[in-house]
Amino acid sequence: MGKIFCLMGKSASGKDFIYRSLRGREDLQLKHIVPYTTRPIRFGEVEGQTYFFRTDAEAEEMERAGRIIEMRTYHTVHGIWKYFTADDGQIDLSRNDYLMIGTPEAYVKIRDYFGETYVVPIYVWVDDGDRLERALKRERKQEQPKYAEMCRRFLADEQDFSPEKLAAAGICSGFENREKEQILEDVEQYIRDVRIR
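Everything numeric here is computed off the predicted structure, so don't read it as measured data.

(A) Structural context of the confidence of the model for the protein. When the pLDDT values of the protein are averaged, the result is 93; 100% of them are 70 or greater. Helix 5 (residues 147-160) is the least confidently modelled element of the protein, averaging 90 in pLDDT, while strand 4 (residues 52-53) averages 98, the highest of any element.

Right, here's the structure in full:
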């Protein structure tokens, strides 16, 4: 049976870079789980690749139909945005391993849905000062930067990834992202080790 590797980290911790790099490694053969969101599409994002972008009404219909595995709701400076994973046929653990990005809350719900044996956490962390610099640099590249939302996300991460929430999710270790090549090597080796256990 396959595994779902759930990559987690605060905003601007480098998880998107790690995710893209690991997905690009053909030898790892990690399938992509496209998440859903109700927030507006950002510059450079692609429908059906970065996210499935849905309206609130569409998300509510999926929820009523029992198709949502986990959902997180954020009260942003631009309104309420939802992020969720759906039982939409993307995941077949009898055939594949998967890589996804999530939060500790999402990880717990996905783990509970598929079973602890099949869902593996990968937590990435970075010094908060470095993260803030990275987040600001990334936001400046947006056509319409949303600095207030960037700050909200930064502060919300302190709660979402608090030591208490990490411990409650059973996440007791992680990978510090100091250098790109090293963290990629470390996470890749971890995935390979998990597969042969």
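(B) Expanded view of the sheet that holds strand 7 (residues 97-102). Taken in spatial order, the 5 strands of this open sheet run 2-7-1-8-9, and their pairing is parallel. The two strands at the open ends of the sheet, each matched to only one other strand, are strand 2 (30-32) and strand 9 (175-176). Relative to strand 8 (residues 119-125), strand 1 (residues 4-8) runs parallel, the two being bridged by 5 bridges. Residue pairing across strands places Cys6 opposite Pro121, the latter belonging to strand 8. Along the sheet face, helix 1 (residues 15-23) touches strand 1, strand 2, strand 7 and strand 8 and points at about 165° away from the line of strand 7.

(C) View of the pattern of salt bridges. Scanning the model with the defined rule gives 21 salt bridges in all. Across the pair Lys10 and Asp128 runs a salt bridge, and its minimum N-O distance is 3.8 Å. On the criterion of sequence distance, the pair formed by Lys10 in the loop between strand 1 and helix 1 and Asp128 in helix 4 (residues 128-140) is long-range, its members being 118 residues apart. Of the residues examined, Lys10 reaches a relative accessible area of 13% and is grouped as buried. Between Glu188 and Arg192 there is a salt bridge; the shortest N-O distance is 2.9 Å. One end of the pair is Glu188 and the other is Arg192, both in helix 7 (residues 180-196) and 4 residues apart, which spans about a single turn. By relative accessible area, Glu188 is classed as buried at 13%. By sharing partners, the salt bridges in this structure join Lys10, Asp128, Arg131, Asp157 and Glu158 into a single network.

(D) Region of the structure containing a positive patch on the surface. A surface patch of positive charge is lined by Arg20, Arg134, Lys137, Lys141 and Lys180. Along the chain, the position of Arg20 falls in helix 1. On the accessibility criterion, Arg20 (55% relative accessible area) is exposed.

(E) Spatial organisation of the pairing of strand 5 (residues 68-76). Of all 9 residues in strand 5, 7 are buried, a share of seventy percent or more. Note: strand 5 against strand 6 (residues 79-86), 8 bridges, orientation antiparallel. When the sheet's bridge partners are listed, Glu70 is paired in strand 6 with Thr85. What sits between the antiparallel neighbours strand 5 and strand 6 is a turn of 2 residues.

(F) Examining unusual backbone geometry more closely. For Ala12, which is not glycine, the phi torsion reads 65° and is therefore positive. By the element assignment, Ala12 lies in the loop between strand 1 and helix 1. Phi is positive for Gln29, close to 50°, though the residue is something other than glycine. With respect to the secondary-structure elements, Gln29 resides in the loop between helix 1 and strand 2.

(G) Structural detail: the sheet that holds strand 3 (residues 36-37). Read from one edge to the other, the open sheet built from 4 strands follows the order 4-3-6-5, with strand pairing classed as mixed. Edge positions in the sheet fall to strand 4 and strand 5, since each of these pairs with one other strand and no more. Alignment of strand 3 against strand 6, held across 2 bridges, turns out to be antiparallel. The residue of strand 6 that forms the bridge with Tyr36 is Phe84. Helix 3 (residues 104-114) contacts strand 5 and strand 6 of the sheet and is inclined by roughly 165° relative to strand 5.

Cut-off values and rules
- Position labels on residues start from 1 in each chain and follow its written sequence.
- A pLDDT threshold of at least 70 governs which residues receive local features in this predicted model, and a stricter bar of 80 or more applies before side-chain atom pairs are shown or counted, although totals over entire chains, interfaces and linings include all residues.
- To obtain the side-chain values, all non-hydrogen atoms of the structure were used and water was disregarded.
- What pLDDT reports is the predictor's confidence in each residue, on a scale of 0 through 100.
- Here a helix means four or more residues in a row that DSSP labels H or I, a strand means two or more in a row labelled E, and each is numbered from the N terminus.
- Between any two strands, at least two bridges found by DSSP are needed for them to pair.
- Any two residues having at least one pair of non-hydrogen atoms within 4.5 Å are treated as being in contact.
- All axes here are fitted lines through C-alpha atoms, helices being fitted over the stretch that makes contact, and every angle between N-to-C directions spans 0 to 180 degrees.
- When a carboxyl oxygen of Asp or Glu is within 4 Å of a side-chain nitrogen of Lys or Arg, the pair counts as a salt bridge.
- For each residue, the accessible area found with a 1.4 Å probe, counting protein chains only, is set against the maximum for its type, and the residue is called buried under 20%, exposed over 50%, and partly exposed in between.
- What goes into a patch is any residue over 30% in relative accessible area without a salt bridge, connected to like charges within 9 Å or, for nonpolar side chains (Val, Leu, Ile, Met, Phe, Trp, Tyr), within 5 Å.
- Using a 1.4 Å probe, the Shrake-Rupley method yields the accessible areas, and only the shown protein chains count as cover for residues.
- Positive charges come from Lys and Arg, negative ones from Asp and Glu, while His and the chain ends are left out of the count.
- A charge is said to be at NZ when it belongs to Lys, at CZ for Arg, at CG for Asp and at CD for Glu.

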